[in-house]
Amino acid sequence: MSEVATARRSRITPEREAELYGAVLDLLREVGYDAVTMDAVAARTRSSKATLYRQWGGKAELVVRAMRSQKPGGIADIDTGTLRGDLHAIVGREDDCVMEQNAALMRALAMAVHMNDDLRQAFKELLVEPEMEEFRRMIRRAVDRGEISPDNPALDYMVHMLVGAFATRTLIDDLPPTREFLTSYIDAVVLPALGVTTH
């Protein structure tokens, strides 16, 4: 983050920030991205619009930072000694209820991401790229340990596989993603594709 952005965002307490993010996520669930306005956020949180713009620059950054605030720590902090252990630990960080709420939020935002360049850009910069870099570090450790061949073609699709399972569970099975579903998917699909034995 640039020094300017850091300075811009340092004028608000963590408690107040968490309160604002919670209100933004509630509004998203209630009305969807397009109907969320800075006016509505200001009214819901008893803030001034000027304060919101000063802190976040605009709706897209505010929404994406609110979503990022729900993530339970960085993937890079997880190092169990095996790729299987790491992937299971990632899935285990959220309970099924939170996972279902996050899946519903992602569905609500999916169309908006395609329709709004500023939201898509904020998603890439603030959510997708940082997570991809953390996944790459996890994969490098697995390659260094000799668990995965560095030229395995499935490596380029690992995140696609994981996100796909999470995003399409409800569409295909009419069920929310759960820890049990995702850990069994990792063992049955992701690890075999990467050449990792699960027994």
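Residues numbered from 1 in each chain as written. Predicted model: local features only at pLDDT ≥ 70, side-chain atom pairs only at ≥ 80, totals over all residues. Heavy atoms only, no water.

Notes on a negative patch on the surface
Put simply, the rule reads: The patch calculation keeps residues exceeding 30% relative accessible area without a salt bridge and links them within 9 Å when they carry like charges or within 5 Å when they are nonpolar (Val, Leu, Ile, Met, Phe, Trp, Tyr). Shrake-Rupley sampling with a 1.4 Å probe provides the accessible areas, and residues are treated as covered by the protein chains on show and by no other component. Throughout this description, the term salt bridge denotes a Lys or Arg side-chain nitrogen within 4 Å of a carboxyl oxygen of Asp or Glu. His residues and chain termini do not enter the charge count, which takes Lys and Arg as positive and Asp and Glu as negative. Working definition for charges: the position is that of NZ of Lys, CZ of Arg, CG of Asp or CD of Glu. Numbered from the N terminus, helices here are DSSP runs of H or I no shorter than four residues, and strands are runs of E no shorter than two. Each residue is placed in one exposure class: buried if its accessible area under a 1.4 Å probe, protein chains only, is under 20% of its type's maximum, exposed if it is over 50%, and partly exposed if it falls in between.
A cluster of acidic side chains, namely Asp95, Asp96, Glu100 and Glu180, defines a negative patch on the protein surface. Following the sequence through the fold, Glu180 ends up in helix H10 (residues 179–193). Assessed through its relative accessible area of 65%, Glu180 is described here as exposed.

Here's the deal with unusual backbone geometry
Positive phi values are uncommon outside glycine, yet Arg46 reaches one of about 55°. With respect to the helices and strands, Arg46 occurs in the loop between helix H3 (38–45) and helix H4 (49–56). Positive phi outside glycine occurs at Asp174, with the angle close to 55°. Inspection of the secondary structure puts Asp174 in the loop between helix H9 (158–173) and H10. Among the residues examined, Asp174 registers a relative accessible area of 66% and is labelled exposed.

Observations regarding the side chain of Asn152
Here is the rule: The definition of a polar contact used here is a pair of N or O atoms within 3.5 Å, where within protein one atom must be able to donate a hydrogen and the other to accept one, and adjacent residues in sequence count solely through side-chain atom pairs. Should any heavy atoms of two residues lie within 4.5 Å, those residues are considered in contact.
Topologically, Asn152 is positioned in the loop between helix H8 (117–144) and H9. Residue class for Asn152 comes out buried when judged on its relative accessible area of 15%. Engagement of the side chain of Asn152 in a polar contact is seen with the backbone oxygen of Leu194, the distance being 3.1 Å. In this structure Asn152 touches Ala193, Leu194 and Gly195, once residues within four positions along its chain are discounted.

Things to note about the environment of Val64
Within the fold, Val64 resides in helix H5 (residues 59–68). Val64 sits 57 residues away from Gln121 along the chain, and the two C-alpha atoms are 10.0 Å apart. Apart from residues lying up to four places away in sequence, Val64 is in contact with Leu119, Ala122, Phe123, Leu126 and Leu127.

A closer look at H10
Residues spaced three or four apart along an α-helix face the same direction, because each turn holds 3.6 residues. The test is simple: Helix span is expected to be 1.5 Å times the residue number reduced by one. A residue's bend is simply the angle between two axes: one fitted to the seven residues ending at it, one to the seven starting at it.
When the terminal C-alpha atoms of H10 are compared, their 20 Å separation across 15 residues agrees well with the 21 Å that a helix rising 1.5 Å per residue should span. The largest bend along H10 reaches roughly 40° and is located at Ile186. Among all positions of H10, only Phe181, Leu182, Thr183, Tyr185, Ile186, Asp187, Val190 and Leu191 are buried. Where the residues of H10 are buried, they touch helix H6 (83–92), helix H7 (96–115) and H9. Positive phi appears at Gly195, one or two residues downstream of H10, with a value of about 80°.

Some thoughts on the packing of aromatic side chains
Note the following rule: Stacked, edge-to-face and tilted labels apply to pairs of Phe, Tyr and Trp rings (six-membered ring for Trp) whose centres lie within 6.5 Å, assigned for plane angles under 30 degrees, over 60, and everything in between, in that order. Our definition puts a charge over a ring when NZ of Lys or CZ of Arg is within 6 Å of the ring centre and also within 35 degrees of the ring normal.
One pass over the structure, following the stated rule, counts two aromatic pairs. We note Arg169 situated over the ring of Phe181; from NZ or CZ to the ring centre the distance is 4.1 Å.

Points about the confidence of the model for the chain
Note the threshold: For every residue, the predictor assigns a confidence score, pLDDT, that lies between 0 and 100.
Mean pLDDT over the chain works out to 87, with 93% of the residues at or above the 70 mark. Averaged over each element, pLDDT in the chain is lowest for helix H1 (residues 3–9) (46) and highest for H10 (95).

Brief notes about the pattern of salt bridges
Taken as a whole, this structure holds 16 salt bridges when the rule is applied. Several salt bridges share partner residues, and in doing so they unite Asp79, Asp86, Arg141, Arg145 and Glu147 into one network.

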